[in-house]
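# Observations on the three-dimensional arrangement
The lines below spell out each chain.
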2 protein chains.
Amino acid sequence: MSEAGTGNLAKIQLLASLNADEMESVNKACRWKLYAAGEQIIDQHSESQDVFFVVEGRVRIVNYSLSGREVTFDDLDAGSHFGELAAIDGLPRSASVLALENSLIAALGPEHFGAVLSRHPSIAVKVMRHLAHLVRTATARIMDLSTLGANNRVHADVLRLALLVADDNNTARISPIPVHSDIASRVSTTRETVARVMNDLARKGIVERGKNFLIVKDVARLQDMVDEVRGD
Amino acid sequence: MSEAGTGNLAKIQLLASLNADEMESVNKACRWKLYAAGEQIIDQHSESQDVFFVVEGRVRIVNYSLSGREVTFDDLDAGSHFGELAAIDGLPRSASVLALENSLIAALGPEHFGAVLSRHPSIAVKVMRHLAHLVRTATARIMDLSTLGANNRVHADVLRLALLVADDNNTARISPIPVHSDIASRVSTTRETVARVMNDLARKGIVERGKNFLIVKDVARLQDMVDEVRGD
């Protein structure tokens, strides 16, 4: 981690409605830091209440069980924010955050964040919409964990990745190839289970492994397999 | 369900900061209804975007899987509100809500709710805090589902109930006796598993069944059993 002077908050979605002067004022209130890939940005047990903006790079929201099991909650790209829960309610951090790539991060103290919300009701509304999105995502994951088998959850995660890049011919080229331990951490299962399910999908001709990509050869069939158990 | 004229919103925590005139104005904007125990208030597949206030009674936030499995998210007492996700983001309902007792419910349309939030920033802050609480609760449940066995989750739910009524002598009298299917729905397991775990706790002398109550005879020991796996 190293100090980084200041950067540009213009790409941060939450702050997009600020005019140049207001943006400059938030800019000055932020502490700017560069984090190397793999470095921790928030320790789950820290007492800070800053809100963070991902100016450049990519970060992962993650939690660890007592036994060391990793549970991934989300990966965030440049333009995102995180850490708002502690800034809003003053309670301890709910998760850890680490840099997946070299990342430029701006940190805004809770008192400044509160001032931005009270001066800009439209930003407060955006914060509410984002929190509502987090509740919905978590609710869907609780339903999946409560009612689907691990194999179904792996299918759903591969489908989610495929739908981001699906073409018109019912195929999707996911690149780079998904890391089994990442899928395992996102759907709360073991790497071994992910490997077994991926082999099974390959044997059925639904996916095919390339050098550094995964082709989903029949997105519709994968969608049917997921719909059948999830009922979407 | 029957029309109910108007009632009194004074006990609704979210609205506590309104003065008498403002409260009267919200009061008039609400539609009031009585729901019988067991009646559905929100259908997960409905398109309404009202926010609801529990003026009298008790309601359950619940979801059903395709296979009919019930997953309980929360039970809310008088003074609570629910349904704000759809009012905030305009998306479909994330869960169903049913009355656990005869309940008097006030429904406020999304446009009125939005007006209250923009006129009263302190209420917007309360909404944010409540959403942050929902995210934290869901995150903790995802961790439990990802890293604990069903027996550990049953222990944690009985502990949670015990801590609400624990006395100074390391015991807790939970009344009425918890319904096995309710515990099962809260921790995402089967009723049979709950019955097995409860029998096991009784055999170990940690709980004892009364006529219509459950005594936890050693709250500290149950706490240790939960801490050992959850690491709180």
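In the nomenclature of an unreviewed UniProt entry, chain A is known as CRP-like cAMP-binding protein of Varunaivibrio sulfuroxidans.

Okay, the UniProt feature "domain: Cyclic nucleotide-binding" (unreviewed entry) in chain A next. Feature annotation in UniProt assigns "domain: Cyclic nucleotide-binding" (unreviewed entry) to the following positions: residues 14–134 of chain A. The annotated region residues 14–134 of chain A carries 33% helix and 34% strand content, and the separation between its end C-alpha atoms amounts to 15 Å.

All names here are of chain A. A two-sided burial pattern is seen for strand β8 (residues 96–99), the buried positions comprising Ser96 and Leu98 on one face and Val97 and Ala99 on the other. Of the pairings in the sheet, the one linking strand β3 (residues 40–42) to β8 comprises two bridges and is antiparallel in character. Looking across to β8, one finds that isoleucine 42 is bridged to valine 97.

Residue and element names in this part refer to chain A. Sheet architecture is open: three strands sit in the order β10-β12-β11, paired in antiparallel fashion. Of all strands in the sheet, those bounded by a partner on one side alone are β10 (172–174) and β11 (207–209). Taking each pair of neighbouring strands and ignoring which way they run, the sheet shows an average axis angle of 20°. Direction of pairing for β11 relative to strand β12 (residues 214–216): antiparallel, over a ladder of three bridges. Paired with glutamate 208 across the bridge in β12 is isoleucine 215. Where helix α5 (residues 150–165) meets the sheet, its contacts fall on β10 and β12, and the angle it forms with β10 comes to roughly 110°.

What follows covers the pattern of salt bridges. One pass over the full model with this rule turns up 24 salt bridges over all chains. In this structure, Asp200(A) engages Lys204(A) in a salt bridge whose closest nitrogen and oxygen atoms are separated by 3.3 Å. For Lys204(A), a relative accessible area of 40% puts it in the partly exposed group. Notably, a salt bridge pairs Asp144(B) with Arg230(B), separated by 2.5 Å at the nearest N-O pair. Placement of the pair is Asp144(B) in helix α4 (residues 121–147) and Arg230(B) in helix α8 (residues 219–230), with a sequence separation of 86 residues. Look at Asp144(B) and you get buried, because its relative accessible area is 12%. In this structure, a network of salt bridges that share partners links the residues Arg58(A), Arg60(A), Asp75(A), Asp77(A) and Asp182(A).

Calculation notes
Residues numbered from 1 in each chain as written. Chains lettered and ligands numbered in written order. Predicted model: local features only at pLDDT ≥ 70, side-chain atom pairs only at ≥ 80, totals over all residues. Heavy atoms only, no water. UniProt positions renumbered as here; feature names shortened; annotations may be inferred. Helix = DSSP H or I, 4+ residues; strand = E, 2+ residues; numbered from the N terminus. Buried < 20%, exposed > 50% of the residue type's maximum accessible area, 1.4 Å probe, protein only. Pairing = 2+ DSSP bridges. Axes fitted to C-alpha atoms, helices over the stretch in contact; angles between N-to-C directions. Contact = heavy atoms within 4.5 Å. Salt bridge = Lys/Arg side-chain N within 4 Å of Asp/Glu carboxyl O.

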